[in-house]
Amino acid sequence: MKFSNSLKFNAVSDWWDEYIAYSALKKKIYDIAAQTEAGDGHHGDVERAGLLAGQHVSGNDIFIPLLDRELEKIVNFYTHQEKEVLDELEEVRQLVEQTEEQGLVDEPYRDEDGTDEDEDDDDDETTNRSVSRDLSKQRRRKASSASDGGRIPDRRSSAGSFDYDIEASVPSLNRRRANSSAGRETSPRDAPKTPLEQVFRFMGVTSDEPETIWTARTDYALDTRMLFKRRITTLYISATSLRSYVELNQTGFRKVLKKYEKVTMNTLKDSYMHGKVELAYPFQNETKDRLSQAVSDIIQLYARCVTRGSISAATKQLKIHQREQIVWERDTVWRQMIGRERRGESDGQVKALGGTIDTKEEPLLAVPTPVGRFSITSKGISLVAALVVFGLLLTFPMVEGEAANRCFAILCFATVLWATEAIPLFVTSMMVPLLVVMLRVVKTADGSERLSPKDATKFVFSIMFSPTIMLLIGGFTIASALSKANIDRILITRVLSLAGTRPSIVLLAFMLVSCFASMWISNVAAPTLCFTLVRPILANLPAGSRFAPCVILGIALAANIGGQSSPISSPQNLIALQEMDPSLDWLGWFAVALPVSGVSIILIWLLLLASFNPGKTIDGEDLTIKPIRPTRERFSAKQYYVSFVCVLTIGLWCFEHKLEYLVGDMGIIAIIPILAFFGTGVLKKADFDQFLWTVVFLAMGGIALGKAVVSSGLLETMDVVIREMVHGLSMYSVVLLLSFIVLVVSTFISHTIASVLLVPIAKEVGTNLPGSPARLLIFVTGLAASTGMGLPVSGFPNQTAASQEDEVGNLYLTTGDFIKNGVPASILAATVVATVGYLLMRATGWVSWFFDVALNYILTKRTSRI
């Protein structure tokens, strides 16, 4: 967890203004770095003013006064709070001694029938004058502290005060006080509580220790202990909160100084921590020891008054109270914020780094009705249109055969919903098996009759959880392990540190890193990680620099290209693999996808350089990028273990065809990282919950729809139309036509949905061509599905890039930037797939055939010798 979040979640909410202003200081660091860079380039008003005045203002000269101000604030607040804690501790200690001296024997009881209540009240006032006087002192001190006009809040306002309960309840104690031990014997609380005590009492075995106010079982004694328990517990929470306050602030100074050195390349951390922070009053060892001793004294008082001298029991009980206080009683804004995030009540916005993606839709029309305003939205209109189309296709047959026509209606219905996103994509996918079963679309293997709903349910669910889905989950596991072990960040920062300071090379480095990261941690997480790493660079750019939108768009486009580079980088690749017969191994995929991705990245890089000219500032001067410092962390044993498991799994996937006799399918291999990481504690249940399960269900629904199209006979009916379309066309003409269709469809709808809809068609087209190149056309469709990136909504990387904002809240990219650069980039990438990819597919087909023949020949020779 980042320290800024840790500070929010662990701070006492009412003290929030008294903690170190960590986020503000961190923002100031980037401002200082930007001013320093501007000063070196003779830009920036602050540095220029300093130079004109004849003196140079360094980063330390600006930052140290800010730190001093925060340190002074913390010292003043701590001094005030410590005095209150120590004063109250001494007051409670004196009150405990007075209560012990007063003992159990005091003025006589009055019957609790209310007859002498007025007299009792008078007597109570006299009897408890010594106790109430001390308690009222605290009340007066608190009132004067609150009215002195100071800005320091009362520390007990956050810890929950029981003082009112104590003062209000003290007079009630004496109304039930006993006159003698005989009175106590009649009290039901004084009776033996357990059978063992009853036996000891009957045998005359009793403790020789005299009863005290802390051990007696009278009403007065029990109530007194309860009141002191409350007050000491409140004091303990206050003292431990103050101790946590010191620890958080000391960590904050260390973190912000480390960030300052990293960003500005200055040296300040050691000198400031040792020379000022550690010498300040709250952070001195003597001060910490004094507060720790106060906490220890509070525990001893609690043990003296409540747990009959047991320090361990007192410590345990106080820690339980403290935990309950933090979890339940402190209903702070942070707890509310966490709860809202967990419940998904974040104002309809999806968090993205540097901004949010607003998922709320403005209504097209709001119609007032007697029951409230009825809003009409574009998604609502799309949903109604989809339902109308679905109903018309079911009513008026468009395809021969009842099952085929119903399947066609389901296909059109799902396509409209997927294209318009009238409802979430995965919800549409989950609706597919429901409609397939209820409309009895699935037929028997020979196609003679339709399956019953019971048999159709078994069939649909058996194909939905396929080895492809297991492979997808295995990919999520590898991605999660790499991220949690911080391997991705370590490797990426080391690669980026080699990029230098030229904007063009830095842009290419980020694009290559984004593409490579998308291969292993998905094209959903990779751009987010890259945007995190590029943010310090963006903060130091001069105003109006074109490098910022250029690198953000480059990262997004490269992440889309990375979605075609490995089988687990995106669901569309897995859908394509599942339809291939025979299936393609990872080595064959890499042989085609990696060169295609590399050529596409280079062409898109050249396009962005020509479009943005990121190497120049707005004044026409050469731009120099601040170099990225590589992390100094060394690989730990855990990171080596994660790397070994990932490499082993990927290696097995590459040679899966040679291991079919042992593993059967790639889905079984995907279980290895799941067992290796979750079984050893590298990943936890929370990590499993955070997998992209919506993508899994999206793929499952797509698989169900594809099988339904085949089983219902709809694909056979479409076969006639497909043959007419491709009649007379050469194989390469079909590849070009298919690439163009996939590009257009994937630009406007999800890449995964485009693959779900078009892969079965590509398979059928290939079956009808000479030589049955079905596997080649499926491969082309899978790769081309990742090239649709011409709009801000074309894939998650584009959506994330479109939400990126600068420090003042302005978006880096506009829709025009996407259309101007994303559309040409999509055309270039699709062309590379249809040319370079096609040639490599044909070449690898012959190479694969040659290796298979050679391997079979070698195995046959060895077998004959044996």
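All values reported here derive from a predicted model rather than from experimental measurement.

*Asks:* Outline the overall build of the protein chain, listing residues and values.
*Replies:* Helix and strand content of the protein chain: 37 helices and four strands. A buried classification covers 45% of the 866 residues belonging to the protein chain. For the protein chain, restricting intrachain contacts to residue pairs at least 6 apart in sequence, the fraction spanning at least 24 positions comes to 75%.

*Asks:* Give me the lowdown on helix α1 (residues 3–10), citing residues and values where you can.
*Replies:* Of the positions making up α1, those classed as buried are Phe3, Ser4, Ser6 and Leu7. The arc enclosing the buried residues of α1, seen along the axis, measures out at 165°, which places them on a common side.

*Asks:* How would you explain the packing of aromatic side chains if you had to name every residue and give the values?
*Replies:* For the structure shown, the criterion picks out 21 aromatic pairs. Seen from their ring centres, Tyr19 and Tyr245 are 4.9 Å apart, and the 65° between their planes marks the pair as edge-to-face. Here the residue Tyr19 occupies a position in the loop between α1 and α2 (22–40), and Tyr245 occupies one in helix α11 (residues 219–264), the gap between them amounting to 226 residues. The same class applies to Tyr19 and to Tyr245, which are both buried. Here the aromatic rings of Trp586 and Phe590 are separated by 5.8 Å at their centres, their planes lie at 85°, and the arrangement is edge-to-face. Taken as a pair, Trp586 and Phe590 lie in helix α25 (residues 586–612) at a separation of four residues, close to a single helical turn. By the burial criterion, Trp586 is buried, and Phe590 matches it. Counting every residue linked through ring pairs, the aromatic cluster contains Phe476, Phe678, Phe688, Phe691 and Trp693.

*Asks:* Could you give an account of the pattern of salt bridges, naming the residues involved and the relevant values?
*Replies:* Inspection of the entire model under this criterion finds 16 salt bridges. For the salt bridge of Glu100 with Arg304, the shortest nitrogen-to-oxygen distance reads 2.7 Å. You can see Glu100 sitting in helix α4 (residues 59–102) and its partner Arg304 sitting in helix α13 (residues 285–305), a full 204 residues away along the chain. Of the residues examined, Arg304 reaches a relative accessible area of 32% and is grouped as partly exposed.

*Asks:* Tell me about the packing of helix α19 (residues 453–464) against helix α31 (residues 693–711), and name the residues and values.
*Replies:* Angle between the axes and distance between the axes: these two values describe a pair of packed helices. Between α19 and α31, the least distance of the axes is 9 Å, while the angle of their chain directions is 125°. Comparing the axis directions of α19 and α31 gives the class oblique. Helix-helix and strand crossings are classified by hand; for α19 and α31 the assignment is right-handed. Along its contact with α19, which presents Val460, Ile463 and Met464, the element α31 presents Met700, Gly701, Ile703, Ala704 and Lys707.

*Asks:* Before we move on, can you summarise a positive patch on the surface with the specific residues and values?
*Replies:* A surface patch of positive charge is lined by Arg254, Lys255, Lys258, Lys262 and Arg489. Examining the composition of the positive patch, we find that four residues originate from one element, α11, more than from any other. Along the chain, Arg254 turns up in helix α11. When its relative accessible area of 36% is taken as the criterion, Arg254 is described as partly exposed.

*Asks:* Give a description of a nonpolar patch on the surface that names residues and reports values.
*Replies:* Among the surface-exposed residues, Leu729, Leu737, Phe740, Ile741, Val744 and Phe748 lie close enough to one another that they form a single nonpolar patch of about 540 Å² accessible area. One can find Val744 in helix α33 (residues 731–748).

*Asks:* Account for α13, with residues named and values stated.
*Replies:* Residues separated by three or four positions in an α-helix point in the same direction, a consequence of the helix having 3.6 residues per turn. End to end, α13 covers 30 Å across 21 residues, agreeing with the expected 30 Å (1.5 Å per residue, within 8%). Along α13, the residues classified as buried are Thr287, Leu291, Ala294, Val295, Asp297, Ile298, Ile299, Leu301, Tyr302, Ala303 and Cys305.

*Asks:* Can you explain the packing of α11 against α13? Please cite residues and give values.
*Replies:* Contact geometry of α11 with α13 gives a least axis separation of 10 Å together with a crossing angle of 160°. Considered as vectors, α11 and α13 are oriented roughly antiparallel to each other. Classified by chirality, the crossing of α13 by α11 is left-handed. Of the residues contributing to the contact of α11 with α13, the split by class is 14 nonpolar, four polar and four charged.

*Asks:* Help me get a handle on the side chain of Asn560, residues and values and all.
*Replies:* Relative to the helices and strands, Asn560 is located in helix α23 (residues 547–562). For Asn560, a relative accessible area of 0% puts it in the buried group. At 2.9 Å, the side chain of Asn560 and the side chain of Asn798 are in polar contact. Setting aside its immediate chain neighbours within four residues, Asn560 contacts His751, Ser786, Met789, Ser794, Pro797 and Asn798.

*Asks:* Residues and numbers for the pairing of strand β4 (residues 372–376), please.
*Replies:* Two strands pair when backbone bridges link them, and strand β3 (residues 365–369) and β4 are joined in this way by five bridges, in the antiparallel orientation. Looking across to β4, one finds that Pro368 is bridged to Arg373. Between β3 and the antiparallel strand that follows it, β4, lie two residues.

*Asks:* Report on the confidence of the model for the protein chain, specifying residues and quantitative values.
*Replies:* The predicted model of the protein chain has a mean per-residue pLDDT of 76, with 77% of residues at 70 or higher. Looking over the protein chain, one finds the lowest element-wise mean pLDDT in strand β1 (residues 349–352), namely 36, and the highest in helix α29 (residues 671–678), namely 93. In the predicted structure, residues 41–54 sits below a pLDDT of 50 and forms 17 contacts with residues beyond four places in sequence or in another chain. Low confidence marks residues 328–359, where pLDDT is under 50. Its contacts with residues over four positions away, or in another chain, come to 55 contacts.

*Asks:* Account for the nonpolar core, naming residues and giving values.
*Replies:* Phe510, Trp586 and Trp653 are the most contacted members of the largest nonpolar core, which has 159 residues in total. A total of 20 residues in this core trace back to one element, the largest contributor, which is helix α22 (residues 503–539). Among residues more than four places away in sequence, those in contact with Trp586 are Leu471, Trp520, Pro567, Ile568, Ile650, Trp653, Cys654 and Met666. Counting 64 residues, the second largest nonpolar core, distinct from the first, contains Tyr220, Leu235, Val295 and Ala303.

*Asks:* Outline unusual backbone geometry, supporting the account with residue identities and numerical values.
*Replies:* Although it is not a glycine, Arg308 sits at a positive phi angle of roughly 55°. Relative to the helices and strands, Arg308 resides in the loop between α13 and α14 (311–329). The exposure class of Arg308 is exposed, given its relative accessible area of 57%.

*Asks:* Tell me what's going on with the environment of Lys658, and back it up with residues and numbers.
*Replies:* Mapped onto the secondary structure, Lys658 falls in the loop between α26 (637–654) and α27 (660–663). Given the relative accessible area of 40%, Lys658 is considered partly exposed. Separated by 73 residues in sequence, Lys658 and Asp585 have C-alpha atoms that sit 9.5 Å apart.

*Asks:* Requested: an account of the environment of Ser786, with residues and values cited.
*Replies:* Counting through the fold element by element, Ser786 comes out in the loop between α35 (774–784) and α36 (796–802). The class for Ser786 is buried, based on a relative accessible area of 0%. Not counting the four nearest positions on each side in its chain, Ser786 is found in contact with Asn560, Gly563, Gln564, Ser570, Gln572 and His751.

Parameters and conventions
- Residues numbered from 1 in each chain as written.
- Predicted model: local features only at pLDDT ≥ 70, side-chain atom pairs only at ≥ 80, totals over all residues.
- Heavy atoms only, no water.
- Helix = DSSP H or I, 4+ residues; strand = E, 2+ residues; numbered from the N terminus.
- Buried < 20%, exposed > 50% of the residue type's maximum accessible area, 1.4 Å probe, protein only.
- Contact = heavy atoms within 4.5 Å.
- Arc of directions from axis to C-beta.
- Phe/Tyr/Trp six-rings, centres within 6.5 Å; stacked < 30°, edge-to-face > 60°.
- Salt bridge = Lys/Arg side-chain N within 4 Å of Asp/Glu carboxyl O.
- Axes fitted to C-alpha atoms, helices over the stretch in contact; angles between N-to-C directions.
- Parallel < 35°, antiparallel > 145°, perpendicular 65-115°, else oblique.
- Left-handed = near helix turned anticlockwise from the far one by under 90°.
- Patch = residues over 30% accessible without salt bridge, like charges linked within 9 Å, V, L, I, M, F, W, Y side chains within 5 Å.
- Areas by Shrake-Rupley, 256 points an atom, 1.4 Å probe, with all protein chains shown as cover.
- Lys, Arg positive; Asp, Glu negative; His and termini not counted.
- Charge placed at Lys NZ, Arg CZ, Asp CG, Glu CD.
- Expected span 1.5 Å × (residues − 1).
- Nonpolar A, V, L, I, M, F, W, Y, C, P; charged D, E, K, R; others polar.
- Polar contact = N/O pair within 3.5 Å; in protein donor to acceptor, adjacent residues only side chain to side chain.
- Pairing = 2+ DSSP bridges.
- pLDDT = per-residue confidence, 0-100.
- Core = buried A, V, L, I, M, F, W, Y, C linked by side-chain atoms within 4.5 Å.

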